[in-house]
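# Observations on chain architecture
Chain by chain, the residues run as shown.
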Amino acid sequence: MKVTEEIRGFKAANISSDGIAELKEAARKARIWSILATSVAKSGHPAGALSSTDIYMTLLGAANVTPQTANNIDRDRIVVSHGHTSAGFYSALAAYGFFKPEDMYSNFRRTGSPFHGHVERVVPGVDWGTGNLGQGLAAGVGFALAARARGSKARTWVVMGDGEQVKGQVAEARRIAVKEELTNLVAVVDWNDIQISGHINEVMPCNLPELWKADGWQVIECDGHSFAKIYGAMKAAAEYNGCAVVLCRTVMGKGVSFMQNIPKYHGKPVSGDELAAALNELGGTMEMFEKAVEARRGAMPKGREEAEETVVLDLGTPRTYTKDDKKDNRGAFGTALAEVGALNYKKADRTPILVFDCDLAGSVKVDGFEKACPDNFVEIGIQEHSAATAAGAASTAGVVTVWADFGVFGADEVYNQQRLNDINHTNTKTVLTHVGLDVGEDGMTHQCIDYVSLFRNMFGWKVVVPADPNQTDRATRWMLAEVGNVCLAMGRGTLPVVLKEDGTPFYGDGYKFEYGAIDTLRDGKDAVIISMGHFAGRAIVARDLLAEQGVSAKVLHCATPLGMDDKELIKLIGDLPVVTCEDHNADTGIGSIVAMELARAGKAVKIVNMGVTHYGLSGPNEEVLAEMGLTPQDIADVVKGLLK
């Protein structure tokens, strides 16, 4: 489109009359495509798509992103927070040549098509997959933080719906943006006053301008169907030295008279006579619809194949802790993180590391990184939902992100956000401390006893539960360079270093962390004890107790329950009885995974899964674990019971 030559990067003071005419004609066609897409699919949100069309058309013409630069790391990024308006955004992208409009509207919501019902990154021009309302601004914060860390001039635009403005995560993100002085972030709200259940003030009243003003944003209001006004407002927001939001007054269903301001069309496609009438008003025809229906039976269009993220870091030299060292895993993590951070801080040829904290820096041991790399440390406060999303989005924009938090906050509380990170194929590193009963006195509200199962429910997360400070150090360095989502989980307590039988550190010099590996800590011929995390040390003590009674137990440890080598597992177990032990729900952690792998292999062996069977008490770690029946003596007794 020629109009982009004058407005790209907001270089023109105003859009020319010819440019406005071109935008109007392109928007008319885009509205036809939106109606066709939802009607051919027989599902979707047509009225919202029509409402946002003029916003999308203006933004895509002026932002620094084109079909040729859609994968460029320094492009402007556009987040569509109200992802249900996908037909509208896809149509605007088609108008600017990102793909053929016929490919989109003929295959919208078709099984196997890249044009999903809500915006997804597989579509060229889509930077963040959304649909769960309220998360888009936090993703935008992440993109803006990543650009700043890389020294990029790229700007992030977040287009939002008005119905989602009352969600708590939006407020979190607003505050973070102002606190971090993100002048490279602009929010744009489609303010049509209608959501699925009716008008905004009937569903959940809010003073939209005052919400943003209260959190320190510059508020700019405009007519959301005037290209001149939208452009002027966006330009003013982009040039404002602070955080600015553009509130666009729009009409739901704009362009089709009988759909305008009618809530039922929010999520209801038109068909029959209504479809014919809608297309006629927009200058389309039923013949276009019939051809699209026929094309839907044809070849499937292909989506975008994104290049895999690359990470360039100096990981330093692993530390080795001895049997005389009194260290907890979180301390070993914090030391390794700070060392790697310092080695790479502000070096042009290295990938920046961003660390996010939620008011727990000293407890989760990221305070060392804060001292070594102050400009790459982001303090978010007690706002976990936005922390999870921002860290995820930033990790797809050229930085390594680490978010450390207590287990109940970084897994349980933000399960939906972590699920969206999984869907978006992010590269974030979530570090959970204080997991399991190892939180002791904090009690049941803080006992994260389900973190393995939560990430197990997803499809792309790797989970690492190290045995001691040495394995933690090496797993941390591995994690920082690993592509994909990784959760590193550990308790709070001080742990003994896991030793070989000769007294040297098992995970010391010469050990290399490998995802999926199963470590044989002790050999044996009568039974197998399989441990996870800090239970490795308990399993060894139990093995020694058994040895005093003439029982030879093999002790295995697997730090990666979701990636465990199944063939190696079956080989190591053979036909021996098995006891699994872990500081996790006994029915959903490594014990359940071992049992499933045995069943899949057709192995009939005796097995007992030891772990957390109810919410724990509040008290010293050892007492809480003893009440749960998880002492080394308890493990030894269960093994003896199996052998009987």
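Glancing now at a nonpolar patch on the surface. Together, Val166, Val203 and Met204 make up a nonpolar patch on the protein surface, roughly 220 Å² of accessible area in all. For Val203, the location among the structural elements is in helix H8 (residues 200-203).

What follows is about the sheet that holds strand E14 (residues 486-489). Spatial ordering of the open sheet is given by E10-E9-E11-E12-E14-E13, a layout of 6 strands whose pairing is parallel. Two strands lie at the open edges of the sheet, namely strand E10 (377-379) and strand E13 (462-464), each paired on one side alone. Averaged over all pairs of adjacent strands, the angle between strand axes in this sheet comes to 20°, irrespective of strand direction. Relative to E14, E13 runs parallel, the two sharing 3 bridges. By the bridge assignment for E14, Val463 is matched with Cys487. Across the sheet, helix H16 (residues 384-394) touches strand E9 (353-357), strand E11 (400-406) and strand E12 (428-433), and the angle it forms with E11 is around 160°.

Judged by pairing direction, the sheet is parallel, and its 5 strands sit side by side in the order E1-E2-E3-E7-E6 without closing on themselves. Both edges of this open sheet fall to strand E1 (77-80) and strand E6 (218-223), since each of them pairs with a single strand only. Neighbour-to-neighbour, the strand axes of this sheet turn through a mean angle of 20°, independent of strand direction. Strand direction decides the pairing type here: E6 and strand E7 (residues 244-249), joined by 6 bridges, are parallel. Within E7, the residue paired with Asp223 across the bridge is Arg249. Along the sheet face, helix H6 (residues 136-150) touches E1, strand E2 (156-161) and strand E3 (185-191) and points at about 175° away from the line of E2.

Moving on to unusual backbone geometry. Positive phi, close to 60°, is recorded for Phe10, a residue that is not glycine. Its identity as a non-glycine residue notwithstanding, Asn261 has a phi of 60°, on the positive side. When its relative accessible area of 39% is taken as the criterion, Asn261 is described as partly exposed.

Helix length check: H6, at 15 residues, gives a terminal C-alpha distance of 21 Å against a target of 21 Å (1.5 Å per residue), a fit within 8%. Of all 15 residues in H6, 12 are buried, a share of seventy percent or more. Where H6 is concerned, the buried positions are Gly136, Leu137, Ala138, Ala139, Gly140, Val141, Gly142, Phe143, Ala144, Leu145, Ala146 and Ala147. Two residues or fewer past H6, Gly151 is found with a positive phi of approximately 75°.

Below, the discussion takes up the pattern of salt bridges. Overall, the coordinates contain 28 salt bridges when judged by the stated rule. Between Lys462 and Glu482 there is a salt bridge whose closest N-O contact spans 3.5 Å. Taken as a pair, Lys462 in strand E13 and Glu482 in the loop between helix H20 (469-481) and E14 lie far apart in primary sequence, 20 residues in all. In this structure, Glu597 and Arg600 form a salt bridge, with 3.8 Å as the shortest nitrogen-oxygen distance. Note that Glu597 and Arg600 are positioned in helix H23 (residues 590-600) at a spacing of 3 residues, about one turn of the helix. Its relative accessible area of 61% is what places Arg600 among the exposed residues. Each of the salt bridges in this network shares a partner with another, and the network as a whole consists of Arg319, Glu339, Asp473, Arg474 and Arg477.

The buried fraction of E7 is high, at 5 of 6 residues. Examined bridge by bridge, E3 and E7 share 6 bridges and lie parallel to one another. Residue pairing for E7: Asp190 is matched across the bridge by Cys248. Handedness of the crossover joining E6 and E7 through helix H10 (residues 227-239): right-handed.

Looking at the element boundaries, Thr445 is found in the loop between E12 and helix H19 (451-456). Residues Thr445 and Asp314 lie 131 residues apart in sequence; the distance between their C-alpha atoms is 39 Å. At 3.0 Å, the side chain of Thr445 forms a polar contact with the side chain of His446.

What follows concerns the packing of H6 against H16. Interaxial distance between H6 and H16 falls to 7 Å at its minimum, and their mutual angle equals 50°. It follows that H6 is oblique to H16 by the angle criterion. Between H6 and H16 lies a crossing of right-handed hand. Here Ala138, Ala139, Val141, Gly142, Phe143 and Ala146 of H6 come into contact with H16, specifically with Ser386, Thr389, Ala390, Ala393 and Ala394.

Moving on: the side chain of Asp162. Assignment of secondary structure puts Asp162 in the loop between E2 and helix H7 (168-179). The charged side chain of Asp162 is buried without a salt bridge, its nearest counter-charge being Arg249 at 7.1 Å. Within the structure, the side chain of Asp162 is placed 3.0 Å from the backbone nitrogen of Asn192, a separation counted as a polar contact. Those residues in contact with Asp162 that sit more than four places away from it in its chain are Val189, Asp190, Trp191, Asn192, Asp193, Ile194, Ile200 and Leu208.

Cut-off values and rules
Residues numbered from 1 in each chain as written. Predicted model: local features only at pLDDT ≥ 70, side-chain atom pairs only at ≥ 80, totals over all residues. Heavy atoms only, no water. Patch = residues over 30% accessible without salt bridge, like charges linked within 9 Å, V, L, I, M, F, W, Y side chains within 5 Å. Areas by Shrake-Rupley, 256 points an atom, 1.4 Å probe, with all protein chains shown as cover. Salt bridge = Lys/Arg side-chain N within 4 Å of Asp/Glu carboxyl O. Helix = DSSP H or I, 4+ residues; strand = E, 2+ residues; numbered from the N terminus. Pairing = 2+ DSSP bridges. Axes fitted to C-alpha atoms, helices over the stretch in contact; angles between N-to-C directions. Contact = heavy atoms within 4.5 Å. Buried < 20%, exposed > 50% of the residue type's maximum accessible area, 1.4 Å probe, protein only. Expected span 1.5 Å × (residues − 1). Right-handed = clockwise from strand over helix to strand, strands pointing away. Polar contact = N/O pair within 3.5 Å; in protein donor to acceptor, adjacent residues only side chain to side chain. Parallel < 35°, antiparallel > 145°, perpendicular 65-115°, else oblique. Left-handed = near helix turned anticlockwise from the far one by under 90°. Lys, Arg positive; Asp, Glu negative; His and termini not counted.

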